[in-house]
Number of protein chains: 2
Amino acid sequence: MAVKVIDVNVGVFDENNRIADEVREKNKADGTFMINIMASPGAGKTTTLLRTIDMLKNPADAGTKPLRIGVLEADIEATVDAEKMADAGVASIQVHTGGECAMDASMVKQALSEFDTEDLDILFMENVGNLVCTAEQDTGADVNVEILSIPEGDDKPLKYPLMFTVCQCVLINKIDTRQWFAFDDEAVVQRIHRLNPDAAVFFVSSKTGEGFDAWISWIRKQLR
Amino acid sequence: MAVKVIDVNVGVFDENNRIADEVREKNKADGTFMINIMASPGAGKTTTLLRTIDMLKNPADAGTKPLRIGVLEADIEATVDAEKMADAGVASIQVHTGGECAMDASMVKQALSEFDTEDLDILFMENVGNLVCTAEQDTGADVNVEILSIPEGDDKPLKYPLMFTVCQCVLINKIDTRQWFAFDDEAVVQRIHRLNPDAAVFFVSSKTGEGFDAWISWIRKQLR
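Numbering of residues begins from 1 in every chain and follows the order in which that chain's sequence is written. Key to labels: chains lettered from A, ligands numbered from 1, both in the order written. Predicted model: local features are reported for residues with pLDDT of at least 70 only, side-chain atom pairs are reported and counted for 80 or more only, and whole-chain, interface and lining totals are derived from all residues. Only hydrogens and water are set aside; all other atoms, that is, all heavy atoms of the structure, feed into the side-chain values.

Engineer: Quick question: what am I supposed to make of the side chain of N196 of chain B here?
Structural biologist: All names here are of chain B. Helix and strand definitions here come from DSSP, where helices need a minimum of 4 consecutive H or I residues and strands a minimum of 2 consecutive E residues; each element is numbered from the N-terminal end. Residue placement: N196 occurs in the loop between helix 8 (185-195) and strand 8 (200-203). The class for N196 is buried, based on a relative accessible area of 10%. Among the polar contacts listed, one links the side chain of N196 to the backbone oxygen of T165, at a separation of 3.3 Å. In this structure N196 touches F164, T165 and C167, once residues within four positions along its chain are discounted. Summary of the burial criterion: residues with accessible area below 20% of their type's maximum are buried, those above 50% are exposed, and those between are partly exposed, where the area comes from a 1.4 Å probe applied to protein chains only. Polar contacts, as used here, are pairs of N or O atoms within 3.5 Å; protein pairs need one atom able to donate a hydrogen and one able to accept it. Residues neighboring in sequence count only if both atoms are side-chain atoms. Any two residues whose heavy atoms approach within 4.5 Å are treated as being in contact.

Engineer: Sorry if this is basic, but what is going on with the side chain of T48 of chain B here?
Structural biologist: Residues and elements named next belong to chain B. In this fold, T48 is placed in helix 2 (residues 45-57). Looking at T48, the relative accessible area reads 2%, which means it is buried. With residues near it in sequence (within four places) discarded, T48 still touches I147, L171, N173, S206, F212 and W215.

Engineer: Can you help me understand the environment of N58 of chain B in this one?
Structural biologist: Position of N58 of chain B relative to the elements: it lies in the loop between helix 2 and strand 3 (69-75). One polar contact links N58 of chain B to D54 of chain B, side chain to side chain, over a distance of 2.8 Å.

Engineer: Which parts of the structure should I look at to understand empty space enclosed by the protein?
Structural biologist: Take a probe with the size of a water molecule and roll it over the atoms, and the empty space left behind shows itself. As defined here, a cavity is a set of points on a 1 Å grid over the protein atoms alone where a 1.4 Å probe fits but cannot get out. A pocket is an open set with protein on both sides within 12 Å along at least five of seven lines, and residues line them when an atom is within 4 Å of a point. Grid points are joined across faces, edges and corners, and a volume is the space filled by probe spheres set on the points. Tallying each qualifying case throughout the model produces 2 cavities of 30 Å³ or more. Considered as a void within the structure, the largest cavity measures approximately 60 Å³ in volume. Surrounding the largest cavity, 15 residues form its lining, S149 and E152 of chain A together with S149, P151 and E152 of chain B being those nearest its centre. Taken together, the residues of the lining of the largest cavity break down into 6 nonpolar, 5 polar and 4 charged. Taken as a whole, the second largest cavity spans an internal volume of roughly 40 Å³. The nonpolar class holds Ala, Val, Leu, Ile, Met, Phe, Trp, Tyr, Cys and Pro. Asp, Glu, Lys and Arg form the charged class, and all remaining residues, Gly among them, are polar.

All we've got here are geometric facts, nothing functional implied.
Below, the structure written as structure tokens:
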């Protein structure tokens, strides 16, 4: 599958919230639920998405409806992630932010105009690898998800509080590496819930698939 | 040691380069060499700095001059890193960027006015954990160093090329975890040198100290 690349212009930031609502209205009309995935560089966004999409498209239980998924890949200038999605047969579009450290709603709107989302149940956006700027922008997504990986450490909610405040769900990823890193599970959950008492927190390994069932159920619950 | 906190205002960005030169002139006059440390969240900036500072302050070889070190800790709003520095007896100051995703030269200038750098041989700055915005700002540092950790993956120079272009040195950290992560050493060095042929690259473990001698020698060489 060929990778499509769009070079978006810098968004009109003061209009961002209005455009974000417009994006949500368009997606609602199309029956598309948009999930904004944020994380540090290297936390495992792409690997997590690939496994998540596979599980949503091909449910183990015959009674569960397979979902139609698309991905907006946002990067400063690379296309490696969109190529990985294309190789996995996932409908994806690469957005180049042109040096901007995060997607904003106008970039999303521009990308949606080139992406036929009407036939999608879920549109994932893999945002730029960044815990600061991404959290500051309403992209028009219906929910925000942060992936924090075990090697990064359990102090991240202390240092990047806005990120953990704006997310409805936090995945603690790479739990298969837990034995090699000092990481306090209870402390991280407490730090997240102090900022955001309603956040769902799931411990997962995008490498082994451990913990994914609960995360997949959470996504399906959001669609209702 | 008490932690000092400064809440800096947003810098005047169009004047940034002029102020960066001013910072370099002041530091040169004071005999202080400034090293800007950048990395993703959780790449090991603080741990690397603590070991580096210890080795520069307390050289194993009696003929090597012990260096006087200070640290500017930049964070959105936390003070955990400055507290770690203070606990280790390192002169440090905490700068709060007030939501800004990177330090700029005017923030550094403001911090320097509150920090007696005249008696310092080296001033390290631990920038905000971020591979995008930090690379876009000349902070007035004499050299830029990026810390990339093994768990983040070897594709980061492809995705955050500016970072690897503006750095004189790249530390590949957490090599003690190499056996658990797919990471191609040769590929990462090639990707870095394609962007920046003169960049020094050192493979280190801030946990075990492996590879630190070469990095410490590199720093001392910059001072001459």
